[in-house]
Amino acid sequence: MDLTEKDVFGVDAAASLVKNLRGTFATGKTKSYEWRVSQLNALMTIITNHEKDITDALQSDLGKPVMEAFISELSLFITSVRFTLKGLKSWMMPEKVKSTVTSFPSSAEIVPEPLGVVLIISAWNYPFLLSLDPVVGAIAAGNTVVLKPSEVSPATSALISKLVLQYMDGSAVKVVEGSVHETTALLEQKWDKIFYTGNGKVGRIVMAAAAKHLTPVSLELGGKCPAFIDSDIDLKVAARRIIAGKWGLNSGQTCISADHLYTTKSFAPKLIDALKSELNKFFGSDPLKSEDMSRIVNDKHFARLRRLLEDEKVSGKIVHGGELDEKNLKISPTILLDVPEDSLIMNEEIFGPLLPIITIESLQEAFYLTNAKDKPLAAYLFSNNKKLKEEFIENVSAGGLVINDVGLHVCNPHLPFGGVGESGIGGYHGKFTFDAFSHKKAVLKRVFFGDASIRYPPYTPGKLKTMRVLLSDGFFNMIREFFKA
Ligand code: NAD
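Computed from a predicted model, the values in this text were never measured in an experiment.

> If you had to explain the sheet that holds strand β3 (residues 117-121) to someone new, which residues and values would you point to?
Taken in spatial order, the 6 strands of this open sheet run β5-β4-β3-β6-β7-β18, and their pairing is mixed. The sheet is open, and its two borders are formed by β5 (173-175) and β18 (424-425), each paired with just one other strand. Two elements, strand β4 (residues 144-148) and β5, share 3 bridges in a ladder whose sense is parallel. Counterpart to L147 in the pairing with β5 is V175.

> Let's hear about the site of the ligand: which residues, and what values?
Taken together, 27 residues sit near the ligand, with S150, E151, N199, L221 and E349 positioned nearest. Contact between the ligand and K148: an oxygen atom at 2.7 Å from a side-chain N or O atom of the residue. Within the side chain of S150, an N or O atom sits 2.5 Å from an oxygen atom of the ligand. Looking at the shell around the ligand, the elements with two or more residues in it are α7 (180-187), β6 (193-197) and α8 (200-212). Of the residues assigned to the shell around the ligand, the class counts are 15 nonpolar, 8 polar and 4 charged. Composition of the shell around the ligand by domain shows at least three residues from each of domain 1 (11-221 + 429-439) and domain 2 (226-415).

> Help me get a handle on the pairing of strand β14 (residues 354-360), residues and values and all.
A large share of β14 lies buried, amounting to 7 of its 7 residues. Of the two faces of β14, the one holding L354, P356, I358 and I360 and the one holding L355, I357 and T359 are both buried throughout. Sheet topology places strand β9 (residues 260-264) next to β14; 4 bridges connect them, and they run parallel. Residue pairing in the sheet places Y262 in a bridge with I358 of β14. The pairing of strand β13 (residues 334-337) with β14 spans 4 bridges and is classified as parallel. Its bridge partner lying in β14, L337 is registered against I357.

> A description of the environment of V18 should follow, citing residues and the corresponding values.
By the element assignment, V18 lies in helix α2 (residues 11-27). Between the C-alpha atom of V18 and that of G245, which follows or precedes it by 227 residues, the distance is 39 Å. Those residues in contact with V18 that sit more than four places away from it in its chain are V117, Q189, K190 and W191.

> Report on the pattern of salt bridges, specifying residues and quantitative values.
Counting across every chain of the model gives 23 salt bridges. Note that D192 and R22 form a salt bridge whose closest N and O atoms lie 2.9 Å from each other. You can see D192 sitting in the loop between α7 and β6 and its partner R22 sitting in helix α2, a full 170 residues away along the chain. Exposure remark for R22: the relative accessible area of 31% places this residue in the partly exposed category. Ionic pairing is found between E109 and K96, a salt bridge with its closest N-O pair at 3.0 Å. With E109 in strand β2 (residues 106-114) and K96 in strand β1 (residues 95-97), this residue pair connects regions lying 13 residues apart in the sequence. E109 sits in the buried class, given a relative accessible area of 11%. Here the salt bridges share partners, and the residues they tie into one network are K96, E109 and K445.

Rules used throughout
- Residues numbered from 1 in each chain as written.
- Predicted model: local features only at pLDDT ≥ 70, side-chain atom pairs only at ≥ 80, totals over all residues.
- Heavy atoms only, no water.
- Pairing = 2+ DSSP bridges.
- Helix = DSSP H or I, 4+ residues; strand = E, 2+ residues; numbered from the N terminus.
- Near = heavy atom within 4 Å.
- Polar contact = N/O pair within 3.5 Å; in protein donor to acceptor, adjacent residues only side chain to side chain.
- Nonpolar A, V, L, I, M, F, W, Y, C, P; charged D, E, K, R; others polar.
- Domains from an automatic or database assignment.
- Buried < 20%, exposed > 50% of the residue type's maximum accessible area, 1.4 Å probe, protein only.
- Contact = heavy atoms within 4.5 Å.
- Salt bridge = Lys/Arg side-chain N within 4 Å of Asp/Glu carboxyl O.

Here is the structure:
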C-alpha cells in the first residue's frame, strides 16, 4: 500500500462513510421487510451468477479445491441465506410475553429493532463465508453495514467488494478493503455494533476501540481445539472424520479443526496406523502434490508453521509427514507423538496441517488438562461409551462440542456458533446472527382502566400488608387462573 492509497481511506473517509450510512439508516428504509428481503436475494444472486468467480478467488488465495470451497463456504452461505429468508418474517415479529401483577393490567412484548450502523471485520481463512455470513444477519436485522474483509486473502476481498457494489444497495452496504491502516480508521468511528472474526490479539484492539463508545462487540476468535479419542470407536470412520476435519478443512487453517488429539498410550499406535492408512487414501503417497488439499495462505504463515516444527522440543517427535514445499506453500499432513507441554506447538494455535497426539492415562485426565487451559472454540470426543459422552458434555467447557465428528456443528443453523472465554464473545448462525445485530426492545402497554391507588402515597401499614399479599405467587396465580377461566 503506498502513501497515496493510504490517504484515500483514512479517518476522514471513515467518518464520512459512517455519516452517510447513518443518514441512510435514519430514512428508515433498511427497516422494511421488503428491503431486507431484496438484499438477501441480492446475496443469493451473487452466488448464482458468480460461483465460478468465487471458487477461482478462493483457489487463488488459498489453493482451495472447488469441492472443499463448495462444502465449507458456498453451501453454508446458501443455507444461511435460505434459512434467514424463511424465518425472517417471524423473527421480525414482536414476541408476546407474560405480564406480572405489578403492572396489572398490561400486555408486554419484545420488539427486535436494528442497532443502526454496524462494522464487520473478517478473517482470511474462509474469506467468502466469514465476510458475507455476518452480513446476512446484519441486513436481515435491518442495519446498514460496513464490511472490512481480510487483506490476507486479497482476491476474495476484491471480488466481494466488486460484487457487493454491483448487486447490493450501495447507500446501505459498503465494503472497505485494506489492512491495519484502514481498519484502525474504521475503529476510531462510533459504531452501533462491531462484529470481528480473527485472532484474540486483534480482538483485544477491537474491544478496546469499541469500549470508547460503549459499542457492543461479537468476537469470533480461535484457540486450541482438542479431540479426545477413546478406544471404543469405529476406528476407520473416526480416522476419516478426523482427517476431513483437520487436513480436509483448509489444510488445518480452520478455527474449529482439531488442534491436537488426546488418547491412551495403548491405543495411540492403532490410531496412528489408521490415520496413516486413511491419509494415504485421501491424498495419495505424495500429498504435497495432491490437489485435494489447500495450501498455506502465505509465506508468513508458512514460516510460522515451520518454526513450530523446528522447535528443538519436538525434535524426533514426527511419526508421519513433515515434508515442506516452500515454493508452493504446501506442508504434508504431519503427525507428532507426545510433544512436551512446553513446546511451541502446544502453546499456540497451530492453524495448519500439523497434528500432535498426546498420550494420557485416561480421557478424564485429558478433560481436566483441557479445562486448566484457555477455553477452546470447540472440543471433540470420539467414543461409543455413554458415560464418557455424558462426562464430556458435563465437564468440558468450550464454545461448542461435537461427538464422533469434527467441526460439523457449524452446519446446523439451529445451533449458536461462537466461543467462550479466550475463544470469543457472542454466537451467530441462523437466527442467532439476526439476534447478534438486533436490540431486543422491551415494550409494556398499559391502559387507563384499573388504576390501583395502593401504589401511591400516602403509604400506610395497611397498604404495605395488602401489597405483600398481592405480590405473593399464590395470589398472582389465582388471578391468572381467574382470567384464563
Ligand atoms: P486476519 O489476519 O485476516 O485478521 C482478521 C482481521 O483483523 C482482518 O480483517 C485484518 O485486517 C484485521 N486486523 C489485523 N490486524 C489488525 C490491527 N492491528 N488492528 C485492526 N485490525 C486488524 O486473520 P487472523 O487473525 O490471522 O485469523 C485467524 C484467527 O482467527 C485464528 O485464531 C482463528 O482461530 C480465528 N478464526 C475464528 C473464527 C470463528 O468463527 N471463531 C473463524 C475464522 C478464524
